[in-house]
Each structure stands twice: as C-alpha cells, then as structure tokens.
Amino acid sequence: MDPVSSACLVLKDNIWFERFYIEIVRQLTSNKVMQSQMIGMQSSLDRILSAIQTQQAMGAQQMYNGAGPSRDGSGFMPPPPRNAFDMGPPQTDRAKSFPPLPGFAPPPHKYATYGIVPSTAPSSDDESEDTLPRSTLNAPIEALQGLANAAAELAAVPSASDPPRVKKRKRAEPIPRNAFPHVVEKGLVSDSEARELFSMFFSGCHLFIPLFDPEYDTYESLMERSPWTFDAILAVAGKIRSGNGPLSATFYKCLEEAQGIARSSLFGPVVRKEAVQGMLLLAAWSTNGWLPSGHAMRMALDLGLHRALEKLAEEPKQRTPDEERDLVVSARIWLCLYWFDHQMSLGTGRPIVLRDENYIRHCRILLTHPLSSQTDVRLISLVELIAQKTQIYETLVPLNGQVNHNTLSFIRRANAALEKWWSDCDELHRNQGMDQDHLLRKILAGELHYAKLWVLCVTLRGVAWDKMNYDQRELAFQARSSASNCLSIFLTSTEYRAALRYAVHDSLVTAAFSGLFLLKMASIFPDDVDLPGIIGQVEQLAQLLSDVAAERYALTLRIMLANLRRKLTERDRQQGIITPVPMPTMPSMPPPQFAQEMIVSPTFNFDPNLPAPITMEELGFVWPGDRGFFSPSAIPQWLQEKSLDDLGLPVNGSDGIFLQLNGSNGWTGEFNPMPEAW
C-alpha cells in the first residue's frame, strides 16, 4: 500500500487510526523507546491530526460554498511543510545539488532517496484491510513519518463528493532494472577472461565465504541479476590470479567498477539482496573490512533479510518456487553477514552492533531445506561458533586478566562447549559425504584449536609473564598446545595449503597469530619449549604465506623470528657461548612491494635507547646497495621489545598485531590517493 492510500485510510476511518495509535503507544511503553524517538512520534502524530483537521475544514467550506477549493482561489490552503528543510528559500532560489560521487552517480530509481522503499517480500496471507500490517508495527516511527507526509499531501488534494473506494493492498512493485552495466557489457573485460575468473572464484573462494549456491549463482545468472556482485567476484579472482606478481589491469578495472557501484549505494535506496553480497565480498578480501561490512549489515536490515529465517521456520504456506528461493537466498546472505560482522568485531576489538541472537536461532533449517547447498553446513558451523565466542568474550573481558577458581571453571566449561560444537558440526560434515581428509573438515578442526587459543589469550590479557601465578602459567601452556595443533593442521594438510591462496584475511589471521603466539612462548620460556621445532614450523608458515601473496602476515612472522633469534643470541652471550647471529633458513627474496616504504637507510636517525633495527638480511630479504633496515616505527606495538613478554590478545585485536598496509582502500596495489574523509 502506498503512503497516500495509507493516509486515506487514516483520514476516512478514524477507528483504524485509533487502533494504530493505541498499538504504537503499547509498543513504546513495553520497549521503553528513547525520549528523542517519543518526541519524533509526537510530532508525526500532530502533523497527521493537523492534516485531518485541515481536511475537515476544507470539506465544511466546500459544503458551504457548494464548490471545492481551487489552487487559484482563496479556498486553497497550501500543505504544511514536511520537515525543516521545506521552510527554506523560495522556489526561485534553488539550492545547488550535491556534487556527484567519484566515478558513479546514484541509480535513477523511482523510489525517493529518503522515502519508504517497498519491501520485496510477499505480504502475509493473514493480513486483511482491517488489520495492522506487521511491517508497520515492526517500524512504527517510520510508518508514522510516512503517514504524516502522505496526510500532508492529501490535505492539498480536493475531496471528491463521493468517498474513494478502498482498494486491496497491493503487493510490492517489481524491482527496477540494474542501473549499472557490468565490466563485460562495458567492454572492459572479455567474456572468455571473465568466465575464467568466475570459475577461479568458485574453485575455492566460496568455501571461505559460504555466500553462494554454485548451482543457482551461475555466470549468466549473476551477470544479469547483479553487476555489482559480478564485478566484485571478478576483482577477487583477479587478485588471486596475480599471486605474488604485479596485479593485472583486469583486477584494477573490476575493483574500480565494483567499488564505484558500492559508493553510489551510500546515499541511495538498495532494492536487491545481491547488493549485500557485493558489499560483503569487497569487505571480506580487504584489510579494512570493518566499514564496508557495517554498510552491508545496514543494507541487509533495510531489505528485511533478518526476517527470512523466521519466515522459513513458520508453518508451511503456499509459496511459489521463486518466493521459496528468495527466502533461502536471503537467509544464507543474512547468516553469512551475521557471522562476518561479529567476527570483525571480535577480531578488531570493536563493539558488536547486532546482539540479538533470535535472528539466527533457526539457522539449521537451511541444512534440511530442498534448496540448500553443500557449503551451507560450513555456514551453519561458523554462525554457531561465533555465537559461542561472543558469549565467552563478554564474560572474560571484564575480568581483565584476573584468574581465580571461577575463571578456571568457566574456561573448562567454555572448552567443553567448543569441543561439543566441533563434534556436532563435524558429524554434520560427515553426513554430507565428506571424508576425514576433506578440506572443510580440516578447516573445522583448525577453527576449534584456534578458538581455544583465542579464549586463553583473551583470559591472559594484561598479564605480565614475570608476575604469572601457577594457574596463569598453566593456561599459557594450554594455549601453546592449541597454537601448535592449529599450526600443524595448516602445514600437514595438502588440501589446506593449496586452498590458502583463496582464503579471506580471517583465515590468514588464524594461521599467522598461532605462529606469533608460539614465538612469544619461545621467547618467554625458552627452556620449556622445543625451540628448533617452533622456529622450523614458523619458518614454513612464513614461506607458505609468502607463496599465497599474504605478505602482510608473512612479514610479521619474519620480524618476530628475527627478534627471537636476537634474544637467543644475547642469552647465549650472557652464558659465555659465542655464536653468530643466526640467519633465516628460508630462501632469500626481494621484500614485498608494500614493505619497501618501511625500509630506511643506515643513515636514519635511530633512537640509541632502543634495540638496533632489524636488517633486511635478518628478515631473509635481498636489498641492493647499502644495508637497509626495517623502520622500528612500522612494527606494531604487540611485536615491539617492550611487549614481547605479553601473551594476551591486545585490545584492538589484529589491528595491533599485524603490519598496517598503506593501501588507500584496503587492497594492496597501485591506487590513486583517496581523501581520508569527505
């Protein structure tokens, strides 16, 4: 039902409006809405009542004069302003339009930018003309604002002698066509190359972001339904195809097109659920995924994707195959976004935006649905794991490193819950026909060990190693075992090693942090661990990450290895053992492109109170000419000398552990400078 029709119902049937008002007041009382929202609703109600009074006065004047009001006569009353902006300058002094967004203009949708965008979900069968629409009750403030705007418009429309016939509520209007062409249509990428990249993406990328159904999301289907998602898929695959070599022109073209469409979505309506897929892809393979994932979450909520699971779990209703497919796809997108957004929050130490777990409680319904895909079992595992990690995190963080009997008891219960999660989900994978060596089951086992490591590192946050009591020391060695188990899965599974080239940053962080923790344990307790074994494992991991173009994490490991070798050499010197500084056994190679800005010359003014900077030779790099040094200011605080004895997870998560890229948009490569803020 459009807003004007809604206003007609209000004006012609005050009983409906009275029921609507009572219901909203009840909800506001039960939900304790903020005072500012109460004021906004009061203003909207006043505007509706004012429109009703205006309409009644005009009707009375019409009956007295025998004619309706005319715009040219004295009987016409202009509509009240909709908001403060309508009180601005007259029509002759038009305000200048905002400057266009870089590269792309907003799509020419007929929906107003700040209006009510009709939902694409079908109306409920149990809603009649005399009942309050569910969507209206779920968003009463928005509904009131729409009614107030429509009532103001209706006040300026002449009333007919006969009351208008109330029509049945219409279903959602069809989604408008795509406003942007894809890269193949624009001639930027050939069809054959696009098919190659598309196939590469679905060779492994979709396993780390279980967002698609390969049988439904085909090349032709996605190209037609969503140029945004299509371009994003090609950009991700283009980066993976380049490997350690220079990024291709195809990658830059696809990424520019995908990010251009993404920028246009910031200030315009979103009418396709595939837009959430496109934004989520750009966030997942970017090192700055926090902001785009937040925008994807808002788009999903605006489209109502969070209600898809609830609708699937309702009593079976007569739905068309297209409607059923739409619900399944919406539920899959929502679950993947829910997991990724929570993972970004926990991984970077930022607050969790959406805490309501009711939106995921029916997640396992996807596994038994006829339209489920093979990767849905991984998606359900990720969602259930992040729900448990969120509860654990909120319990441990307030303790700030305090370990007592209650803390130890909670950790035991948390580990038992994680073990049960793994056992249940591993059984789900096995029921899908996956053997013990299947990649997804290996990934699942690695996530179990990393989750245990993560729990213990959150517990030890802020604890200095020299002040550890017996219980804290035991937790540290439990964490070492979990890190070693996690690392061995990466290094011993041939399938996992091969799949890392497709991995998102979250999976790379899992491997790299496990190696960093082992190096810290070796630095603090050198006599209680297997030093040669740890160094050998981490060197293999650093080389593996370099091979899959994950130099941000490989270089971080190399820095920690160089620090550990220096510390062990200094310990031997104090004990009277003269040994040269050991060099890495990894093959020498030039430093990665992004790290060359972090290299300084020997004439650089170093602080004499700090340890000597690390040389390129210690990192295993070949640097022509004079000996180059790695800039100490580029090393994250968690890796610096003063923090080498801290085993706890930093407050800002991975942002305080790994090297920060200088890329303008979270993707390595040669990009034009972008403004920090607009």
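Computed from a predicted structure; not experimentally measured. (Residues numbered from 1 in each chain as written. Predicted model: local features only at pLDDT ≥ 70, side-chain atom pairs only at ≥ 80, totals over all residues. Heavy atoms only, no water.)

### Describing the overall build of the protein chain
Item 1. Across its full length, the protein chain carries 21 helices and two strands.
Item 2. Per-residue burial for the protein chain yields a buried fraction of 50% across its 678 residues.
Item 3. Looking at the protein chain alone, contacts between residues at least 24 apart form 77% of all its contacts between residues at least 6 apart.
Item 4. Surface accessibility of the protein chain: about 33900 Å² in total, with carbon and sulfur atoms responsible for 53%. (Helix = DSSP H or I, 4+ residues; strand = E, 2+ residues; numbered from the N terminus. Buried < 20%, exposed > 50% of the residue type's maximum accessible area, 1.4 Å probe, protein only. Contact = heavy atoms within 4.5 Å. Areas by Shrake-Rupley, 256 points an atom, 1.4 Å probe, with all protein chains shown as cover.)

### Some thoughts on the side chain of Ser514
Item 1. On the secondary structure map, Ser514 appears in helix H19 (residues 505-524).
Item 2. Here Ser514 falls in the buried class, since its relative accessible area comes to 0%.
Item 3. A distance of 2.9 Å separates the side chain of Ser514 from the backbone oxygen of Thr510, its partner in a polar contact. (Polar contact = N/O pair within 3.5 Å; in protein donor to acceptor, adjacent residues only side chain to side chain.)

### Some words on the pattern of salt bridges
Item 1. Applying the stated rule across the entire model yields 21 salt bridges.
Item 2. In this structure, Arg241 and Glu193 form a salt bridge, with 2.8 Å as the shortest nitrogen-oxygen distance. Taken together, the positions of Arg241 in helix H8 (residues 227-242) and Glu193 in helix H6 (residues 191-208) put the pair 48 residues apart, joining distant regions of the chain.
Item 3. Note that Glu427 is salt-bridged to Arg430, the shortest N-O span being 2.4 Å. Pair noted here: Glu427 and Arg430 are both in helix H15 (residues 405-431), with a separation of three residues, about one helical turn.
Item 4. Under the relative-accessibility criterion, Arg430 is labelled partly exposed at 44%.
Item 5. The structure contains a network of salt bridges with shared partners spanning Asp217, Arg225, Lys273, Glu274 and Asp326. (Salt bridge = Lys/Arg side-chain N within 4 Å of Asp/Glu carboxyl O.)

### What about the packing of aromatic side chains?
Item 1. This structure, assessed with the given rule, holds 18 aromatic pairs.
Item 2. Relative to Tyr219, the ring of Phe198 lies with its centre 5.6 Å away and its plane at 90 degrees, an arrangement referred to as edge-to-face. One end of the pair, Phe198, is in helix H6; the other, Tyr219, is in helix H7 (residues 219-225), with 21 residues separating them in the sequence. There is no split in this pair, since Phe198 and Tyr219 are both buried.
Item 3. Relative to Phe230, the ring of Tyr219 lies with its centre 5.4 Å away and its plane at 70 degrees, an arrangement referred to as edge-to-face. A residue pair is termed long-range when its members are at least 10 positions apart, and Tyr219 in helix H7 and Phe230 in helix H8 qualify at eleven residues.
Item 4. For Tyr219, a relative accessible area of 6% corresponds to the buried category.
Item 5. Relative accessible area serves as the criterion here: at 0%, Phe230 is assigned to the buried category.
Item 6. Sitting above the plane of the Trp454 ring, Lys389 keeps its charged end 4.7 Å from the centroid.
Item 7. The aromatic ring of Trp638 is capped on one face by Lys520, whose charged end is 3.6 Å from the ring centroid. (Phe/Tyr/Trp six-rings, centres within 6.5 Å; stacked < 30°, edge-to-face > 60°. Lys NZ or Arg CZ within 6 Å of the ring centre and 35° of its normal.)

### Examining the packing of helix H11 (residues 290-303) against helix H13 (residues 321-348)
Item 1. Relative orientation of the contacting elements H11 and H13 amounts to 145 degrees, with a least axis distance of 10 Å. Crossing angle aside, the handedness with which H11 passes H13 is left-handed. Contacts between H11 and H13 pair Trp290, Ser293, Gly294, Ala296, Met297, Ala300 and Leu301 from the former with Trp334, Leu337, Tyr338, Phe340, Asp341, Met344, Ser345 and Thr348 from the latter.
Item 2. Classifying every residue of the contact of H11 with H13 gives ten nonpolar, four polar and one charged. (Axes fitted to C-alpha atoms, helices over the stretch in contact; angles between N-to-C directions. Left-handed = near helix turned anticlockwise from the far one by under 90°. Nonpolar A, V, L, I, M, F, W, Y, C, P; charged D, E, K, R; others polar.)

### Describing empty space enclosed by the protein
Once rolled over the atoms, a probe with the size of a water molecule shows which space is left empty.
Item 1. Summed over all chains, the structure comprises three cavities of 30 Å³ or more.
Item 2. Its boundaries defined by the atoms lining it, the second largest cavity holds a volume of some 210 Å³.
Item 3. If you go around the second largest cavity, you meet 19 residues; those closest to its centre are Leu382, Leu385, Glu447, Asp506 and Thr510.
Item 4. Contributions of two or more residues to the lining of the second largest cavity are made by H13, helix H14 (376-396), helix H16 (439-459) and H19.
Item 5. For the lining of the second largest cavity, the per-class residue count stands at eleven nonpolar, four polar and four charged. (1 Å grid on protein atoms, 1.4 Å probe; cavity = no way out; pocket = protein on both sides within 12 Å on 5 of 7 lines; lining within 4 Å. Points joined across faces, edges and corners; volume = space filled by probe spheres on them.)

### Observations concerning the packing of H16 against helix H17 (residues 470-492)
Item 1. Packing of H16 against H17 brings their axes to within 8 Å, and their N-to-C directions diverge by 155 degrees. Judged on the interaxial angle alone, H17 and H16 are roughly antiparallel. Regarding H16 and H17, the two cross each other, and that crossing is left-handed. Here H16 contributes Lys442, Ala445, Gly446, His449, Tyr450, Lys452, Leu453, Leu456 and Thr459 to the contact with H17, which in turn contributes Leu475, Gln478, Ala479, Ser482, Ala483, Asn485, Cys486 and Ile489. (Parallel < 35°, antiparallel > 145°, perpendicular 65-115°, else oblique.)

### Structural notes on H15
Item 1. Here H15 contains 27 residues, and its C-alpha end-to-end distance of 39 Å stays within 8% of the 39 Å for a straight helix at 1.5 Å per residue.
Item 2. For H15, every residue scored as buried is listed here: Thr407, Leu408, Phe410, Ile411, Ala414, Asn415, Leu418, Trp421, Cys425, Asp426, Leu428 and His429.
Item 3. The inward-facing, buried residues of H15 abut H14, H16 and H17. (Expected span 1.5 Å × (residues − 1).)

### Details of unusual backbone geometry
Item 1. In the Ramachandran plot, Ala549 falls in the positive-phi region, its phi being about 65 degrees despite a non-glycine side chain.
Item 2. Mapped onto the secondary structure, Ala549 falls in the loop between helix H20 (531-547) and helix H21 (551-574).

### What about H11?
Item 1. End to end, H11 covers 20 Å across 14 residues, agreeing with the expected 20 Å (1.5 Å per residue, within 8%).
Item 2. What H11 keeps buried is the set Pro292, Ser293, His295, Ala296, Met297, Met299, Ala300 and Leu303.
Item 3. Backbone geometry just after H11 places Gly304 at a positive phi near 80 degrees.

### Brief notes about the environment of Ser330
Item 1. Inspection of the secondary structure puts Ser330 in helix H13.
Item 2. For Ser330, a relative accessible area of 6% translates into the label buried.
Item 3. In this structure, the C-alpha to C-alpha distance between Ser330 and Leu309, residues 21 residues apart in sequence, is 8.2 Å.
Item 4. If sequence neighbours within four positions are ignored, Ser330 has contacts with Lys273, Leu305 and Ala308.

### Regarding the confidence of the model for the protein chain
Should the pLDDT be low somewhere, the predicted coordinates at that spot are not to be read in detail.
Item 1. This prediction gives the protein chain a mean pLDDT of 77; 67% of its residues lie at or above 70.
Item 2. Mean pLDDT across the elements of the protein chain bottoms out in helix H1 (residues 3-12) (46) and peaks in H6 (96).
Item 3. The low-confidence segment residues 28-36 (pLDDT under 50) makes four contacts with residues lying over four places distant or belonging to another chain.
Item 4. Within the model, the stretch residues 60-102 combines pLDDT values under 50 with 28 contacts to residues more than four positions away or in other chains. (pLDDT = per-residue confidence, 0-100.)

### A word on the environment of Leu382
Item 1. Locating Leu382 in the fold gives a position in helix H14.
Item 2. For the pair Leu382 and Cys425, spaced 43 residues apart in the sequence, the C-alpha separation amounts to 9.5 Å.
Item 3. Contacts of Leu382, omitting those with residues within four sequence positions, involve Pro210, Trp339 and Glu447.

### Structural notes on the environment of Cys363
Item 1. Mapped onto the elements of the fold, Cys363 is located in the loop between H13 and H14.
Item 2. Residue classification places Cys363 among the buried residues on the basis of a relative accessible area of 5%.
Item 3. If sequence neighbours within four positions are ignored, Cys363 has contacts with Leu309, Leu335, Ile380 and Glu384.

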